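Architecture and fold: a report
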Amino acid sequence: MNRLLLLIPLLLVIALLLVLGSGLGNDPTKLDSARIGKAFPAFSLQSLQNADKTFTEQDLKGDLFLLNVWATWCPSCKTEHPYLLKIAAENQVVVVGHNYKDDRVAAIKWLQQLGDPYRFTLFDPKGQLGFDLGVYGAPETYLIDAQGVVRYRHVGVVDEKVWKTELLPVIERLRAGKA
Amino acid sequence: MKRVIEAVVQTTDAWRTTGARLALILMLAVPAGVKASIDTYEFQDEGQLRQYQILAQELRCPKCQNQNIADSNAPIAQDMREQVYRLTLEGKSQTEIVDYMIERFGEFVTYTPRFDLTTWLLWLGPGFLALLGLVVVVRMARPKSVSQAPVISQEERDRLKSILTQDEKPS
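Being a predicted model, the structure only gives us computed values, none of them experimental. (Residues numbered from 1 in each chain as written. Chains lettered and ligands numbered in written order. Predicted model: local features only at pLDDT ≥ 70, side-chain atom pairs only at ≥ 80, totals over all residues.)

Focus on the sheet that holds strand β4 (residues 94-100) of chain A
Residue and element names in this part refer to chain A. Strand order across the open sheet formed by 7 strands is β2-β1-β5-β4-β3-β6-β7, with mixed pairing between neighbours. This sheet does not close on itself; its edge strands, each paired only once, are β2 (54-56) and β7 (150-155). With strand direction ignored, the average angle separating the axes of adjacent strands in the sheet is 30 degrees. (Pairing = 2+ DSSP bridges. Helix = DSSP H or I, 4+ residues; strand = E, 2+ residues; numbered from the N terminus. Axes fitted to C-alpha atoms, helices over the stretch in contact; angles between N-to-C directions.)

Set out below in C-alpha cells:
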C-alpha cells in the first residue's frame, strides 16, 4: 500500500507533462472565436460594388456561407486570394466577401485585377461588423450554417492545407447533419 | 485634459519657489500627456475618465498578445479603446463593457477572467496547491511519535525474565 503511495508524485508529474505537452503544439495567436455556436451578429452594410444595395444578416441564411474578411492593405489577403478563387470556382460553398476597414475604390480595383471569388461583398469601412464578429486582423474566414449560426473561424491565410484539414471537414459535417 | 493643464499651471505658479516640487508636478503631468498622445477623449466627469483608464489597462489586445489595449498600437486595440470610450459615455458600467468585449473576443480579452465552469481551476488551483503544500509540510515537520517502543504483554515479560535468569545460572 505504502509503495503504491510513493508512485503518486510520479503520476502527478506525468499528468502535468501531458497537460503542458499538449499545449506545446498550439499556436497561441489563434484564438477561439467567441461567436462559435452563436447567431451571426446583426448588421446592415452596403454592397462594395453598389452603394444603393444593402445587405443584412438575413442575406447570410439559407445556405452554407464561407465569409472571408479581407482588405487591400492586408498582404496575406493577396496570398490567399488565388485559393479563394479556386474554392469559388469548384462551387463547394458560397463564398462571401467582407471588405474590412478599406477604401472602396481600391477594393473594387483589387477585385477587378485579381478576380472576384465572392457572390457578394459587404463593405465595412469602419469595421463595425468586424468588431461585432470579433475580427482582430485580416484575413479571417468564417463558416456560417443555413440557420445563420457561426460554426467555424480560421484566422490567417486559407490555403490547400487549411481547406482540406480544417474547413472542408466542417463543411462536410454540416452538410451531413443537414441531410 | 485642458482642465488638468490649467491646474498644473496654477499650481506651478504658486509653488515656483521650490524647484523640487515643480519637478514632481512635471513628472506627474508628463505620463498623462504621453498616454493621451494618440487618442484625445473628453469625458464628462472624473468617474468616466477613471473607468476608461481602468478598462484600458484591464482589457487585453487580441492581436498584440500580452499587451493591454492602452499599450498596444494595433488597429484592433485602437478600435477597442474607441468602443470603451463610447460605451463609457453612454453610461455603461465596467462589468457591462467587459461583458461586451468578452461576447465578441472571448474570455481571452480580459486580464481578470470571470469565475465559471471553465475558469474555476484557474482561480482555485493555486490556493488548493498552497493548501496541499501546507498540509505536507506540517505532516513532515510534526515530530515522530515517541511511543514507538514495542509493547509486550505480561506473559512475554515473564518468559523474558525466565530466559534471562536461565542464562545467568550456568555462568
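And the narrative resumes.
A short note on the packing of helix α4 (residues 75-89) of chain B against helix α5 (residues 94-105) of chain B
All names here are of chain B. At their nearest, the axes of α4 and α5 sit 10 Å apart, and the two run at 140 degrees to each other. By the criterion of interaxial angle, the relationship of α4 to α5 is oblique. Judged by the sense of rotation from one axis to the other, the crossing of α4 with α5 is right-handed. Counted together, Met80, Val84, Leu87 and Thr88 of α4 and Ile97, Tyr100 and Met101 of α5 form the full contact between these two elements. A breakdown of the residues in the contact of α4 with α5 according to their chemical character gives 6 nonpolar, 1 polar and no charged. (Parallel < 35°, antiparallel > 145°, perpendicular 65-115°, else oblique. Left-handed = near helix turned anticlockwise from the far one by under 90°. Contact = placed C-beta atoms within 7 Å. Nonpolar A, V, L, I, M, F, W, Y, C, P; charged D, E, K, R; others polar.)

Things to note about the interface of chain B and chain A
It is common to give the size of an interface as the accessible area lost on bringing the parts into contact. On the chain A side, the residues contacting the 12 residues of chain B number 12 residues. Among the elements of the structure, α4 and α5 of chain B are those that each provide at least two residues to the side of chain B that touches chain A. Sort the elements by how many residues they give to the side of chain B that touches chain A and α5(B) lands first, with 4 residues. Among the residues making up the side of chain B that touches chain A, the classes are represented as 5 nonpolar, 3 polar and 4 charged.

Section: unusual backbone geometry
Residue and element names in this part refer to chain A. Along the chain, Ala138 connects to Pro139 via a cis peptide bond; the corresponding omega equals -5 degrees. Of note, Pro139 is situated in the loop between α4 (128-133) and β6 (140-144). The phi dihedral of Asn91 is positive, around 60 degrees, even though this residue is not glycine. If you trace the backbone, Asn91 turns up in the loop between α2 (75-89) and β4.

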